[in-house]
Structure formats: structure tokens, C-alpha cells
Amino acid sequence: MKARSLLLLTLLLAAVVSVLPVGAVQAAGTTVTRKPLNYKTLAGTDGGQPVNALKVRDQSGTADNPLKYVSFATPGKTYRGTQDFSLGSTYKASDVTGISLRVNYKGPARSAQAWVWKLYDWKAKRWVKIGDNAAAQSGVWKLLIFNAGTSPQRFVNAYGKIRVQVSSGNASGNAKVDFEALQITVEPSPACAVQENSDFETQVIALFNAERAKVGAAPLAANAKLAVSSQRHSTDMACNKFFDHTGSDGSSPWQRMTQAGYTWITAAENIAAGYSTPASVVAGWMASTQGHREAILNPAYEDVGVGYAYKSGSPWGHYWTADFGAQP
């Protein structure tokens, strides 16, 4: 049966975004602890203590040292604020199999005032409640433990950021937080083997430049960094059996380009699947009415990287990515 062939284009005109690099993974089943990088009050007030006050659990019982905790206050309005955590560069979102939030809390019992903790779902673009102060007694320090539940990868964005929200249900009392930390379980997936073909990639660039010459556009220069970003995405699609500009880790095309070290002022990405030769995929893009041809011929683009991956048993077999860009 003849393989199906698909095309997709994303045009990008946006500010440069910085991305944490992805480094080597470690043994499966590792649990790592991450402390908050910052906290930000969006409604209500806070005590102004440094974020470091949230990093050490040193209050218990009825102890009350204001230098050792951060207070979240409700002077006439409910409190709402966020804390940012980083997974770090060693792991990626797809490695995450579990997230647990630990909070050392002192404040009202839930019957008087509910304090709620949520995680941000970057894919669904919404907050998800993971727990509240139901287990706490009024005025006594209590270590609260909240589990994120299923699909914890959704709470980690392409930069490795995890965002927590804390909020009060009313304005009748304040919360004190002495410690806040994420326990993250990571199980890196084994490497996926695909067939790459650098000759195919070179041929595609030559075909691009032949088409550009017909309309008087300058040739595209092969860029090693764009080659990395495009190969990463073709391999990702082949290994994870999908076809989309959004990577399996939630990354966008421009995030992948930036992560590969390419600084751009304008950029575009063409992807295709099911085409078995350079000539066929370029012909498919050139015949497209959805902007693929325009990306190839656009004189604003100066650089290009092409990634090809083949994996037997994947839905379309052959996967192609072409990343176009111009640098400042």
C-alpha cells in the first residue's frame, strides 16, 4: 500500500525565546528535588521575605520565626500568587513520570479558610488543583504532600519550567509557608533508533536553491544549528508516531531552533511525512497551497537546516523537517 503523504507549515515571526539545553540523562527511576526559583504575588500581599526562606524546612509545632518563612497575606482581598521551579537541563518533560509537591504550612484550618495549591497545565493552558490545607490544624506547622496524578509531563513546559499557584478561598486569614519543594520522578526513555540520511538532506537544500534561483532569490546557506533542530523534530515524530509542529515535549519550532543555538529574527518550518525521496518531498512542498512554497522561496530567509528520519513501523515511515531562518 502506498504510504500517505502529509505536509504542514508553521510561519514564525516572534521575539527570541531562551530555552534550557537538554543534557545527558541518568539512570531510570531517579527522584530529584527542586526548590522554588522565585515567588510572585498577584493579589493580596506577602511578607517580602527572600525566596530562600522557602527552601529549608526549619519550623515545626507552633514556632514562629518570620525570617524563616514567607507569609501570604489577605488584607481585604483573597491571596493569589505563583512560584516557579525548574526541572533543569539534565532531563526533559517526557522523562517525568511523577510530581509531588511538599509544603510546610501554618495558618487557618480549611473550615475557616481554604488554601489551595495548583499546577499549571502548559498543554491545556489551565490550572489544575492538586491539594489544599484539609490536613492542617489551625496555627500548627504541617507538612502537606500533594501528588500531581496522571500525565505529569503536562506540567513541564519546553524550557523545563514548572509553575505552582497558591491561593486563599477568602480574605479572613493569612498563610505562612516555611518550605516548598517538588519531588520529581524521572525515567528517561531509551534511545530510539532511526535511519538518517545526510545525502537526502543535502539534496533537499540543493533543490530548494534551484527553485529559489528561478525567482531570483539568493540561495539558502546550510546551517548546522538549524540542521540540529530539524533533525531533532523529524526523529521525534518518527519515534513517537505523530505528525505536528508541536514536539512530544511540547516544544514549538522556534523553541527548538533557539535550543539548538540559532538566534533568529524571522523563521519558518515545513514538515512532511510519507515522502520517500528528496525530489518527492520538495515537489510536494512546492505544489502546496498552504504556504510551504512561500517558505522555500521567501527571500527573507537566509539559512536552512533539513532533517530526515525513517523508522519502520511508524505511521508514515519517512519524516522530514525543514527549518528556515534569518539571523540579526
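Please refer to the structure higher up on the page.
All residue numbers refer to position in the chain's written sequence, counted from 1. For this predicted model, a pLDDT threshold of at least 70 governs which residues receive local features, and a threshold of 80 or more governs which side-chain atom pairs are given and counted, while totals over whole chains, interfaces and linings are taken from all residues. Only hydrogens and water are set aside; all other atoms, that is, all heavy atoms of the structure, feed into the side-chain values.

### Structural notes on the layout of surface pockets
Put simply, the rule is: Grid points spaced at 1 Å and placed over the protein atoms alone form the basis of the search, with a cavity being a set where a 1.4 Å probe fits but cannot get out and a pocket an open set showing protein on both sides within 12 Å along at least five of seven lines. Lining residues have an atom within 4 Å of a point. Grid points are joined across faces, edges and corners, and a volume is the space filled by probe spheres set on the points. Each residue is assigned to one of three groups, with Ala, Val, Leu, Ile, Met, Phe, Trp, Tyr, Cys and Pro labelled nonpolar, Asp, Glu, Lys and Arg labelled charged, and all others, Gly among them, labelled polar.
A volume near 340 Å³ is recorded for the second largest pocket. Around the second largest pocket, the lining comprises 21 residues; the ones closest to its centre are W122, K125, T246, G250 and Q255. Considering only residue class, the lining of the second largest pocket consists of eight nonpolar, 10 polar and three charged.

### Description of the sheet that holds strand β8 (residues 115-121)
Definition in use: When DSSP finds two or more bridges between a pair of strands, those strands are recorded as paired. Helical segments are the DSSP runs of H or I of at least four residues, strand segments are the runs of E of at least two, and each set is numbered from the N terminus. Between the N-to-C directions of two axes lies an angle of 0 to 180 degrees, each axis being a line fitted to C-alpha atoms and, for a helix, fitted only over the stretch in contact.
On the basis of which strands lie adjacent, the open sheet formed by five strands has the order β3-β6-β11-β8-β9 and antiparallel pairing. Bordering the open sheet on either side are β3 (38-43) and β9 (126-132), each of which pairs with just one other strand. For this sheet the average axis-to-axis angle between neighbouring strands, irrespective of direction, equals 25 degrees. Summarising the sheet, β3 and strand β6 (residues 80-86) pair through five bridges and their orientation is antiparallel. Residue Y39 lies in a different strand from β6, and its bridge partner there is Q83.

### So, the side chain of H233
Here is the rule we go by: Throughout this description, buried means an accessible area under 20% of the type-specific maximum (1.4 Å probe, protein chains only), exposed means over 50%, and partly exposed covers the range between. The contact criterion used is simple: two residues touch if any of their non-hydrogen atoms lie within 4.5 Å.
Position of H233 among the secondary structure elements: in helix α2 (residues 224-240). Here H233 falls in the buried class, since its relative accessible area comes to 0%. Not counting chain neighbours up to four residues away, the residues in contact with H233 comprise F242, D244, H245, T246, G247, R256, E269, I271 and T321.

### Observations regarding the state of the cysteines
Stated formally: Note on disulfides: each one is a pair of cysteine sulfur atoms within 2.5 Å.
As enumerated under the stated definition, the model contains one disulfide in all. Across the disulfide, C192 is cross-linked to C239 (sulfur-sulfur distance 2.0 Å). Between C192 and C239, the S-S torsion sits near -95 degrees, and that sign places the bridge as left-handed. In this pair, C192 sits in the loop between β12 (175-186) and α1 (198-214) while C239 sits in helix α2, placing the two residues 47 residues apart along the sequence. C239 sits in the buried class, given a relative accessible area of 19%.

### Some remarks on α2
Our working definition: A helix is expected to span 1.5 Å for every residue after the first. Pairing of N or O atoms within 3.5 Å defines a polar contact, subject to two protein rules: one partner must be a possible hydrogen donor and the other a possible acceptor, and residues neighboring in sequence count only if both atoms are side-chain atoms.
For α2, spanning 17 residues, the distance from its first C-alpha to its last is 24 Å, which sits close to the expected 24 Å at 1.5 Å a residue. Every buried residue belonging to α2 is among L226, S229, S230, Q231, H233, S234, T235, D236, M237, A238 and C239, and all of these are buried. Contact partners of the buried residues in α2: α1, α3 (253-259), β14 (266-273), β15 (303-310) and β16 (318-326). Its side-chain oxygen 2.9 Å from the backbone nitrogen of K225, N223 forms the N-cap of α2. Note on α2: the residue one or two positions beyond its end, K241, has a positive phi of about 55 degrees.

### Some thoughts on unusual backbone geometry
In this model, K125 sits at a positive phi of 55 degrees, which is unusual for a non-glycine residue. With respect to the element layout, K125 can be found in the loop between β8 and β9. You will see that S151, though not glycine, has its phi angle at about 50 degrees, which is positive. Mapped onto the elements, S151 comes out in the loop between β10 (142-147) and β11 (161-168). Here S151 falls in the partly exposed class, since its relative accessible area comes to 42%.

### Overview of the environment of Y39
The residue Y39 is located in strand β3 in this model. The spacing of Y39 and L143 is 104 residues in sequence and 19 Å in space, taken between C-alpha atoms. When sequence neighbours within four positions are dropped, the list of residues in contact with Y39 reads D46, G48, Q49, P50, V51, L54, V70, F72, T82 and Q83. A polar atom in the side chain of Y39 sits 2.5 Å from the backbone oxygen of Q49.

### Description of the environment of T150
Note on placement: T150 falls in the loop between β10 and β11. Here T150 falls in the exposed class, since its relative accessible area comes to 62%. Spatially, the C-alpha atoms of T150 and T97 are 8.3 Å apart, while their sequence positions differ by 53 residues.

### Brief notes about α1
Helix length check: α1 (17 residues) gives 25 Å between terminal C-alpha atoms against 24 Å at 1.5 Å per residue, within 8%. Looking at α1, one finds that the buried residues are F200, E201, V204, I205, F208, N209 and R212. Backbone nitrogen of D199 and a side-chain oxygen of the N-cap are separated by 3.0 Å at the start of α1; the cap is N197.

### Comments concerning the pairing of β11
Of all eight residues that make up β11, six are buried, and the element is covered over most of its length. As judged from the seven bridges shared by β6 and β11, these two strands associate in the antiparallel manner. Looking at β11, one finds that T82 is bridged to Q165. Here β8 pairs with β11 via five bridges, running antiparallel. Counted as the bridge partner of K118 is Q165 from β11.

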